[in-house]
Amino acid sequence: MKLRGSLATTALRRAPRLGLAAVALAGALACSTVTPATAAAERIQGCGWNESQNGERAYYEHCATNTNVWIQVKRWPRADYHRCVGPGRTNLDLDATGAWYDSNYQGGLCSHPGDTGP
């Protein structure tokens, strides 16, 4: 007595279709992830100090969304200073050569973005 549609027969028929589906899915995923990753790298340089590029001014990117912090801005030839920055991008002086979060200056947190200190 022969069983129609036995488990072994069904599995043998589906194997080539499953392999083809897996290859198609892998190809689609590979193509779909290349473009967004490249675009994101060009658009976002990162949190903290970002050098001037392509005619843009140097800036500090504060990535937290709920705090204002003091950063120290290094300039040449003028003196360094502290500046309160809020979330997002803050353009810096044309002669800025670096900037970083300074937790030692007045506790690191501030109230009014744009305020400056020594």
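Residues numbered from 1 in each chain as written. Predicted model: local features only at pLDDT ≥ 70, side-chain atom pairs only at ≥ 80, totals over all residues. Heavy atoms only, no water.

Enquirer: Would you mind going over the overall build of the protein chain with me for this structure?
Expert: Within the protein chain one finds one helix and seven strands. In the protein chain, the order of α-helices and β-strands from amino to carboxyl end is α-β-β-β-β-β-β-β. Within the protein chain, buried positions represent 26% of all 118 residues. When contacts within the protein chain are restricted to residue pairs at least 6 apart in sequence, those whose partners lie at least 24 apart make up 52%. (Helix = DSSP H or I, 4+ residues; strand = E, 2+ residues; numbered from the N terminus. Buried < 20%, exposed > 50% of the residue type's maximum accessible area, 1.4 Å probe, protein only. Contact = heavy atoms within 4.5 Å.)

Enquirer: It is not clear to me how the sheet that holds strand β2 (residues 59–62) should be interpreted in this structure. Could you clarify?
Expert: Pairing between the strands of a sheet is mediated by backbone hydrogen bonds and can be parallel or antiparallel. Reading across the sheet, the three strands line up as β1-β2-β5 and stay open at both edges, with antiparallel pairing between neighbours. Two strands bound the open sheet, and with one partner strand each, they are β1 (48–50) and β5 (88–91). Each strand axis lies, on average, 25° off the axis of its neighbour in the sheet, ignoring direction. The sheet contact formed by β2 and β5 spans four bridges and is antiparallel. The residue bridging Y60 from the neighbouring strand is T90, located in β5. (Pairing = 2+ DSSP bridges. Axes fitted to C-alpha atoms, helices over the stretch in contact; angles between N-to-C directions.)

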